[in-house]
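A closer look at the structure
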Amino acid sequence: MNYFVTGIDTDSGKTLVSALLCEALEADYWKPVQAGLPKDSDTVKSLLSNKKTVIHPEAYLLHTPASPHAAARIDGVNITLEHFTLPATDNRLVIEGAGGCLVPLNDRDFVIDLAARFRSEIILVADLYLGSINHTLLTCEALAARKLPVKGIIFNGESNPESERIILQHSGLRCLLRIAKENRIDPTTLSKYSDQLRSTLL
Ligand SMILES: Nc1ncnc2c1ncn2[C@@H]1O[C@H](COP(=O)(O)OP(=O)(O)OP(=O)(O)O)[C@@H](O)[C@H]1O
Ligand SMILES: C[C@H](N)[C@H](N)CCCCCC(=O)O
Ligand SMILES: [Mg+2]
């Protein structure tokens, strides 16, 4: 089973969580669609300490930091679901989406359609800004409507226990990890959380 990391919005912390999962499980990493720089693949590489993780090349590397459908149009590229094939590996694979789950790849398909294509289990990253309860529960509804399996939620950043409580109550999902708002995101920060995440997932 591979994991597909989605978030309630762009900048929710998917790259941080993907790196944590890779470190915790010594899993491979793949960002199928990268729009703009820096590449999340490079960020993940800079955060990992383990020697086993392989970082697989993006299927689409687009120049503009924008929604993939728009970034692709600017580059004169047509994104198709059929073009995406899982990287060949015997290792576990962590796949990172782009933005939130209903971010368009083209005029028909969404980022979250990749999770169905790859038969992934979803890990949902939620950061608890004002407005995030609504964004998180809408995301949960979109995942449930597609009957996608969700492993659980990771809460990232400023803590908000009441938001967490009500999100977990309504979604029925499990909290896999809480990541505090950190002063630095570096390999030391990662090692603080990876043991905890490993024991939750195994
Ligand atoms: N818990 C945290 N503490 C401090 N900074 C954080 C935390 N989580 C994320 N960040 C920072 O917030 C920014 C956005 O996080 P990240 O790149 O992981 O988002 P993302 O969901 O992957 O965005 P994208 O949609 O572009 O892939 C980064 O600069 C990251 O280092
Ligand atoms: C460029 C950015 N960092 C992400 N890769 C893509 C975010 C797309 C968001 C689209 C939207 O929901 O309006
Ligand atoms: Mg990212």
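Predicted model only: the values in this text are computed from it and were never measured.

Thoughts on the site of ligand 1
- In the vicinity of ligand 1 lie 17 residues, with T10, G13, K14, T15 and E182 positioned nearest.
- Put simply, the parts of the chain that give the shell around ligand 1 at least two residues each are α1 (14-25) and β6 (93-100).
- For the shell around ligand 1, the leading source of residues is α1, giving three residues.
- Tallied by class, residues from the shell around ligand 1 come to four nonpolar, eight polar and five charged.

Some remarks on the site of ligand 2
- Around ligand 2, the neighbouring residues are T10, A35, G36, P65, A66, S67, A98, G99, G100 and V103.
- No other element matches β6, which puts three residues into the shell around ligand 2.
- Within the shell around ligand 2, the residues separate by chemical class into five nonpolar, five polar and no charged.

Focus: the UniProt feature "binding site: ATP" (unreviewed entry) in the protein
- Look at the UniProt record and you will see "binding site: ATP" (unreviewed entry) annotated at D11, S12, G13, K14, T15, L16, D40, E96, G97, A98 and G99. A maximum C-alpha distance of 13.5 Å is found for the annotated residues, which run over 89 residues; spatially they form one tight group.
- By the secondary structure assignment, G97 is in strand β6.
- Setting aside chain neighbours within four positions, we find G97 in contact with F4, V5, T6, K14, V111 and L114.

Thoughts on the confidence of the model for the protein
- Considering every residue of the protein, the mean pLDDT works out to 97; 100% of them sit at 70 or more.
- We note a pTM of 0.98 for the whole complex and an ipTM of 0.99 for its interfaces.

Digging into the UniProt feature "active site" (unreviewed entry) in the protein
- On the UniProt side, "active site" (unreviewed entry) is annotated at positions that read K31 here.
- Structurally, K31 is set in the loop between β2 (28-30) and β3 (33-35).
- If sequence neighbours within four positions are ignored, K31 has contacts with D40, S41, E58 and E96.

What about the nonpolar core?
- Judged by nonpolar contacts, the single largest core of 55 residues is most densely connected at V5, L20, L21 and V94.
- For this core, the element with the most residues is α1, which contributes eight residues.
- The contacts of L21, once residues within four sequence positions are left out, are Y3, V5, A27, V94 and L197.

Points about the environment of D109
- Tracing the backbone shows D109 in the loop between β6 and α4 (113-117).
- Its 17 C-beta neighbours within 10 Å are what place D109 among the partly exposed residues.
- On a C-alpha basis, the gap between D109 and H69 in space is 9.3 Å, while along the polypeptide they are 40 residues apart.

Concerning the sheet that holds strand β1 (residues 3-7)
- With parallel pairing, the seven strands of this open sheet are ordered in space as β4-β2-β6-β1-β7-β8-β9. Pairing within the sheet leaves two strands with one partner each, and these edge strands are β4 (55-56) and β9 (175-179).
- Pairing geometry for β2 and β6, over three bridges, is parallel. Within the sheet, the bridge partner assigned to Y29 lies in β6 and is V94.

Looking at unusual backbone geometry
- Of note, the amide linkage connecting L37 to P38 takes the cis form, showing an omega dihedral of 0°.
- Position of P38 among the secondary structure elements: in the loop between β3 and α2 (40-47).
- One non-glycine residue, D11, lies in positive phi territory at about 65°.
- Secondary-structure assignment places D11 in the loop between β1 and α1.
- In this structure D11 comes out as exposed when scored by C-beta crowding, with 11 C-beta atoms within 10 Å.
- Backbone geometry places E26, a non-glycine residue, at a positive phi of 50°.

Reading guide: rules and limits
- Along each chain, residues carry numbers from 1 onward, in the same order as the chain's sequence is written.
- Here every chain gets a letter starting at A, and every ligand a number starting at 1, in the order they are written.
- Residues qualify for local features only when their pLDDT is at least 70, as the model is predicted, and side-chain atom pairs are given and counted only at 80 or more; totals for whole chains, interfaces and linings, by contrast, use all residues.
- Residues are classed as near a molecule or strand if the C-beta position derived from their backbone is within 6 Å of it.
- Here a helix means four or more residues in a row that DSSP labels H or I, a strand means two or more in a row labelled E, and each is numbered from the N terminus.
- Here the term charged refers only to Asp, Glu, Lys and Arg, the term nonpolar to Ala, Val, Leu, Ile, Met, Phe, Trp, Tyr, Cys and Pro, and the term polar to all other amino acids, Gly among them.
- UniProt positions are given in the numbering used here, feature names are shortened, and annotations may be inferred rather than shown by experiment.
- Contact criterion: two residues are in contact if their C-beta atoms, reconstructed from the backbone, are within 7 Å.
- How sure the predictor is of each residue is captured by pLDDT, a score from 0 to 100.
- Here, a nonpolar core denotes buried Ala, Val, Leu, Ile, Met, Phe, Trp, Tyr and Cys residues that are linked to one another through C-beta atoms within 7 Å.
- Counts of 20 or more other C-beta atoms within 10 Å of a residue's own C-beta define buried residues, counts of 12 or fewer define exposed ones, and intermediate counts define partly exposed ones; C-beta atoms are placed from the backbone.
- In short, DSSP must find at least two bridges between two strands for them to pair.

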